[in-house]
Amino acid sequence: MGHQLKLILIAALLAMFSSSFVLAASDTSQFKVVPADELRDLALHQQWLHLLHYRQHPYTFRFISQNDSPEFFLAEKGKTNAHEELVADLSAFLLTDQADNASAQCRFPARYHWLKHRLPQVGFVDQPCSEFDEWRDELNAHRLTLIFPASHINSPSSMYGHTLVRMDREDPSSSKLLAYSVNFAANADPTDNELVFSYKGLSGGYPGEVSVMPYYVKTNQYQHMEYRDTWEYELDFGSAEVDQFVRHVWELQDTAFDYFFFDENCSYRLLTMLDAASSRSDLAADFKMKAVPVDTIRALYSAGFVSREVYRPSAASVMESNAALASEQEADLARTLVESDIPIGDLLAGVPEESQTRVLELAYSYARYLSVKKKQANPVLRKRTLQILSARSKLPAGDVFPAPRKPEFRDDEGHGTARLSVGGGYTGEQWHGDINWRIAYHDVLDPSKGFSPGAQIEMGDFYARVTEDGDVRLQKLTLVNVLSLSHKTRFQNPVAWTVSAGLDRFNHEGSELYSRFNLGFGRAWQLPLGLRDGKRLGSARLFALGDLTARADNQFDDGYQISAGVRAGWLWQGRLNQEMIQFRWQPAALGDDTPRRELTVEEAFNGFDNVQLRFGFSRQWASSEATNSWKLTYAWYF
């Protein structure tokens, strides 16, 4: 008993004077001493901070962990004190004679592995961790591949795309679907609709959790991946880094982080996990305000972590590629094969064998697409699909359609997702200067390389104006602006739609700022323009939408105006320029009976990488009074 009290007193004195840290082994007669200054250095080491997900607070400059689960820390103040957590972890890692799977070494194998190699003089004793060993062996991870299902504008949770990591096995010929994947996502309430999901995702209303599952399970669960093209980026991580990544994933399971749609999202969290796995990586440090998936992929390229990329076309891309190579009669027959209950043999009677093969291949592509879209009852569609495959098996084997052409540009090869513009113009009878900063992401007049034609997603778009009188004011603020001009094809008939919200002003002099919400639905049609020698140089489309706008401010008769009408226009998106002409007419109104019309013409010319010159004209009518506005802006994308 006296011997133990003596040891306790010695440890207390050492801690008091901060001269060293005493680590007790199971044999209490032996000690290893780590100088206090070395402990302080370790607590501030980049890898230790990465392993605990510490980030420096922007105001207090203190390090605080982004992990919100108490189980992730051994020290009482481990979330906010990296040094205390280091001391607690070291003490726990030194305990020996622990039961299988009961030690701190088993709970935090990545931390233990790192400290064991940083402090070889301590003499750690490995404890048995059979559960982790079995889990690690089952994963059999030898390579890491970042998976990027491209953006899908019709789903708020996927507008910017999504990323996850697949842990590939050693045998390159093994099925990728059987490999395991690591995903970070919001643990959302399944009863929440898309609007509630968007709000909670923006405000941190959901916990974000790391999950590990077979890749095929993830692809089935994440249904949008079947009609979103996917890019796979093989990462240049060595075997030791892959092993450390696996250890760290184990540590993060059953813990939670706050999930924020703009910054602490799936792509950001995966970067922090890669940072924890490699001393070469400090990728997440550059993403303090937002983390758009394509930006995180660019960061991986800049750091030299991408060894190669592979394109995987979606079911919709395969279907549309096949349809473009089939005749109109073959496409119509393929659709009939899927949608009709007439025996397949009867429908194909008299059709040449080669054409039958193309029809059946196209029909299968369409059936697969429908199964993902859930446009038909599964049992009926499944039975018809099997009949189509059976008929196809009776014809000569071989590919009758080539694989879809790889896109000329990847999503990450487009312009930067933030934009800063400066310019000037003449509105009414006054000159003005404008400055615009947009946080994210893309509008239909931005350079179209790497982006989906007809798709627009903007968030956090600020316009400030300086008038010739020297007044400085907020001219416009867009909180969200989404436009989807998806066009009709032989097999798809999507609805074109738009939604936007923010603050705005009319063109006329003295207009006050008003709040605005706009909603519209309609159709878009792609025109057969922009093709040269079989290559598409641009995309041209017409659109027409029902247009509903709600405005609120005391400048309106009853403090508000709800007006309805139509919005129609033309859009060209090319390599060198973009052009949009649209007319809006809202004759029906409540709260203020002023009918409104607006004609806008905008032309944008792409310069070198990430720069653009844009010209715009608009004419707004309020009843019979009209005001013109001209502007010229120069934009940088970053």
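How each quantity is defined
- The residue count restarts for each chain, going from 1 along the sequence in the order it is written.
- Residues qualify for local features only when their pLDDT is at least 70, as the model is predicted, and side-chain atom pairs are given and counted only at 80 or more; totals for whole chains, interfaces and linings, by contrast, use all residues.
- Side-chain measures here rest on the full set of heavy atoms in the structure, leaving out hydrogens and waters.
- A pair of cysteine sulfur atoms is labelled a disulfide when the two atoms are within 2.5 Å.
- Working definition: helices are DSSP H or I runs of at least four residues, strands are E runs of at least two. Numbering for both runs from the N terminus.
- Buried means the residue's accessible area, taken with a 1.4 Å probe over protein chains only, is under 20% of the maximum for its type, while exposed means over 50%, and partly exposed covers the values in between.
- When DSSP finds at least two bridges between two strands, those strands are taken to pair.
- For every element, the axis is a line fit to its C-alpha atoms; helices are fit only across the contacting stretch, and the angle between N-to-C directions ranges from 0 to 180 degrees.
- The contact rule is simple, with two residues in contact once any of their heavy atoms fall within 4.5 Å.

J.: So what's going on with the state of the cysteines? Which residues, and what values?
T.: Evaluated as defined, the whole model comprises one disulfide. Two residues, Cys-106 and Cys-129, share a disulfide whose sulfurs are 1.9 Å apart. An S-S torsion of about -85° defines the bridge between Cys-106 and Cys-129 as left-handed. Residue Cys-106 is located in helix 5 (residues 104-107), and its partner Cys-129 is located in the loop between helix 6 (109-118) and helix 7 (130-139); the two are separated by 23 residues in the primary sequence. The pair Cys-106 / Cys-129 is uniform in exposure class, with both members buried.

J.: Got a sec to walk through the pairing of strand 23 (residues 596-606)? Specific residues and values, please.
T.: Sheet analysis places strand 22 (residues 577-590) next to strand 23, joined by 10 bridges and oriented antiparallel. Note that in strand 23 the partner of Asn-577 across the bridge is Phe-605. Between strand 22 and strand 23, which pair antiparallel one after the other, the connecting turn spans five residues, and Gly-591 there sits at a positive phi close to 85°. Pairing geometry for strand 23 and strand 24 (residues 611-622), over 11 bridges, is antiparallel. Residue pairing for strand 24: Arg-596 is matched across the bridge by Ala-622. The hairpin turn running from strand 23 into strand 24, its antiparallel successor, is four residues long, and Asn-610 in that turn takes a positive phi close to 65°.

J.: Please set out the sheet that holds strand 10 (residues 257-259) residue by residue, giving values where relevant.
T.: For sheets, the rule is that strands pair by backbone hydrogen bonds, running either parallel or antiparallel. Strand order in the open sheet formed by seven strands is 10-8-7-6-5-9-11, and the pairing between neighbours is antiparallel. Single-partner strands in this sheet number two, and they are strand 10 and strand 11 (306-312). Geometrically, the sheet is characterised by an average inter-axis angle of 30° between neighbouring strands, direction not taken into account. Pairing geometry for strand 8 (residues 206-214) and strand 10, over three bridges, is antiparallel. If you follow Gly-208 over to strand 10, its bridge partner there is Phe-257. Together, strand 5 (143-149), strand 9 (230-235) and strand 11 form the strand contacts of helix 12 (residues 293-302), whose direction differs from that of strand 5 by roughly 145°.

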